[in-house]
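Per-entry structural report
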Amino acid sequence: MKRVFLLLTITAVGWGLPGTGKQPSVKRLDGSTITAAEIDSTVTRLMGAANVTGAGIAIFNDGKVVYSRAYGIRDKENGLLLTEDSVMSAASFTKVTFAYMVMQLVEEKLLDLDKPIYQYLPKPLPEYAAYRDLAEDPRYKKITARMLLSHTSGFPNLRQFNKDQKLNINFEPGSRYAYSGEGISLLQLVVETITKKPVQELMQYRVFRPFGMNRTSMVWESRFEDNLAVPYNEDGRSLGPPEQRAKAAAAGSMMTTLGDFTRFMQAVMSSRGLRKETREMMLSPQIQISSKHEFPTLEGETTEENKGIRLSYGLGWGLYWTPYGKAFFKEGHAEGWRNYTVCFDDQKAGIVIMTNSSNGEGIYKELLETLLKNTFTPIEWEGFTPYDKLPPRKPPREHKEVATDPRLFDRYVGRYAVSPDTILTVIRDGNHLFVQQDQEPKIEVFPESERDFFAKIMDVWMTFETGSEGRATALIVHVNGADIRAKRVE
């Protein structure tokens, strides 16, 4: 489950290029230039039109940062500005930093991309609790690290998107592309088994510290609190503080900043920490993509619309080709966070976009076309509908607190499983009811009926399902148009 639980002053802060005095003009792909003032005007106009809370933009020319700036708000409730050092959720940007570390292991011959991954494990894969669902499907023995990095394993994106919330293999491994966070999670298990080290330690030692990513971590660190961005939904409502994950997840737990992730992209462009032939392997097509859309991942509709750009996937990265050469890209998408990066390898030119707004993707197309002259992005495939092409949104639901006998709360107290790894705990404290996700801070919820409760600090509400004796049997969380059911486990 994603995170379940007006001040929009578009103010620019920090150039990010100490000692330069002013930003130089930025060279675009076609050789034309754009001034810092024109970039500012474009970004601020788009953020205002699309209701984007905060955004960080970094642009590369010849592998160097020629523009870096943060705009807008990191915390509306406290009137705090976003900066280049504001810690944000990387979401699926995490996957490419993890893939880079995995390629180091490949280079060192600790991992063979084409060896079935089950052969690295000390016991059969289905004997691990998270993979018992695969016991009756021997195709898991065909899955390799290459398939996991290129998203061709056959897994769903996340098992909780399946009706039965079980992990399954949906097609012959290696035969087609279907983006899968589950695949990256399995590769994390393999990597930690091979190295006998947790992925958080591996990432710090092999990627974050060498590249100067000093405000980046795979798990929550209290030092981030001094400059932390808050995520906001499409209506500009807070989704609460970012998740404080105690356990690293290679598929999406990384916390980082615009400045730090920019440093990572520079390392990728210059092949720091990898031999050039290893980097070339990482950025070589493993599978051609013919799906109409990237999401839903298992959608069967195909198209030839992206044949002209040779849309494909490498090892951790999306790829396409243009008159300006090969481009490699990655998106990061979570509730209240929208991130995107693309680099053109020949020119070592590109951009990083990080936002703390669910509306962030609506400004990608115009940003890419105006700031880079990049008109080749597979916008429809990636689902980046421009803000002015989106259908009108329904007004947000309004909640009204009602008086309820607090003794009724006792029937709801307990633990509810969203997935094997995500538990919601309902706690009564006197006349107050709280919900806590895993080890996150608990959030108070307020009654709007005997079974319906809502949070005041974020746009989320929940409904308890009850049995014949009135005791709760399940909890349904309503967030951003989704209804996520959590079954009571105790």
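Parameters at a glance
Residues numbered from 1 in each chain as written. Predicted model: local features only at pLDDT ≥ 70, side-chain atom pairs only at ≥ 80, totals over all residues. Heavy atoms only, no water. Axes fitted to C-alpha atoms, helices over the stretch in contact; angles between N-to-C directions. Helix = DSSP H or I, 4+ residues; strand = E, 2+ residues; numbered from the N terminus. Parallel < 35°, antiparallel > 145°, perpendicular 65-115°, else oblique. Contact = heavy atoms within 4.5 Å. Nonpolar A, V, L, I, M, F, W, Y, C, P; charged D, E, K, R; others polar. Phe/Tyr/Trp six-rings, centres within 6.5 Å; stacked < 30°, edge-to-face > 60°. Buried < 20%, exposed > 50% of the residue type's maximum accessible area, 1.4 Å probe, protein only. Lys NZ or Arg CZ within 6 Å of the ring centre and 35° of its normal. Salt bridge = Lys/Arg side-chain N within 4 Å of Asp/Glu carboxyl O.

1. Quick notes on the packing of helix α2 (residues 93-107) against helix α5 (residues 199-208)
Contact geometry for α2 and α5: axes closest at 10 Å, N-to-C directions at 80°. Viewed along their axes, α2 and α5 adopt a mutual orientation that is roughly perpendicular. The segment α2 lies against α5, with T97, F98, M101, Q104 and L105 engaging V199, L202, M203, R206 and V207. In the contact of α2 with α5, the residues fall into seven nonpolar, two polar and one charged.

2. A short note on the packing of aromatic side chains
Throughout the structure, instances matching the rule amount to 25 aromatic pairs. Residues F93 and F261 carry aromatic rings whose centres are separated by 4.1 Å and whose planes lie at 10° to one another, so their mutual orientation is stacked. Here the residue F93 occupies a position in helix α2, and F261 occupies one in helix α6 (residues 258-270), the gap between them amounting to 168 residues. An identical accessibility class is assigned to F93 and F261; each is buried. Here the aromatic rings of F329 and W381 are separated by 6.5 Å at their centres, their planes lie at 85°, and the arrangement is edge-to-face. Placement of F329 in strand β12 (residues 325-334) and of W381 in helix α9 (residues 379-382) is noted, with a sequence separation of 52 residues between them. For F329, a relative accessible area of 0% translates into the label buried. Among the aromatic residues, ring-to-ring pairing joins Y177, Y313, Y320, F329, Y340, F344, Y364, W381 and F384 into one connected group. Above the face of the Y128 ring, K123 is positioned so that its terminal group lies 4.7 Å from the ring centre.

3. Some words on the packing of helix α1 (residues 36-50) against helix α8 (residues 364-372)
It is the contact of α1 with α8, at a shortest axis distance of 11 Å, that shows an interaxial angle of 175°. It follows that α1 is roughly antiparallel to α8 by the angle criterion. Here α1 contributes I39, T42, V43, R45 and L46 to the contact with α8, which in turn contributes E366, L367, T370 and L371. Considered class by class, the residues forming the contact of α1 with α8 number five nonpolar, two polar and two charged.

4. What about the pattern of salt bridges?
A complete count under the given rule lists 31 salt bridges for this structure. For the salt bridge of R428 with D410, the shortest nitrogen-to-oxygen distance reads 3.1 Å. With R428 in strand β16 (residues 422-429) and D410 in the loop between α9 and β15 (414-419), this residue pair connects regions lying 18 residues apart in the sequence. One salt-bridge network, held together by shared partners, links E234, R338 and E361.

5. Digging into α5
Across the 10 residues that make up α5, a large majority, eight, are buried. Three or more residues of α5 are buried, namely V199, Q200, L202, M203, Q204, R206, V207 and F208. For α5, the elements touching its buried residues are α2, α4 (181-195) and α6.

6. Thoughts on the environment of A250
For A250, the position within the fold is in the loop between α5 and β8 (255-256). For A250, a relative accessible area of 0% gives the class buried. For the pair A250 and K95, spaced 155 residues apart in sequence, the C-alpha separation works out to 6.0 Å. Look past the residues within four positions of A250 in its chain and what remains in contact with it is T94, K95, F98, I184, Q188 and M218.

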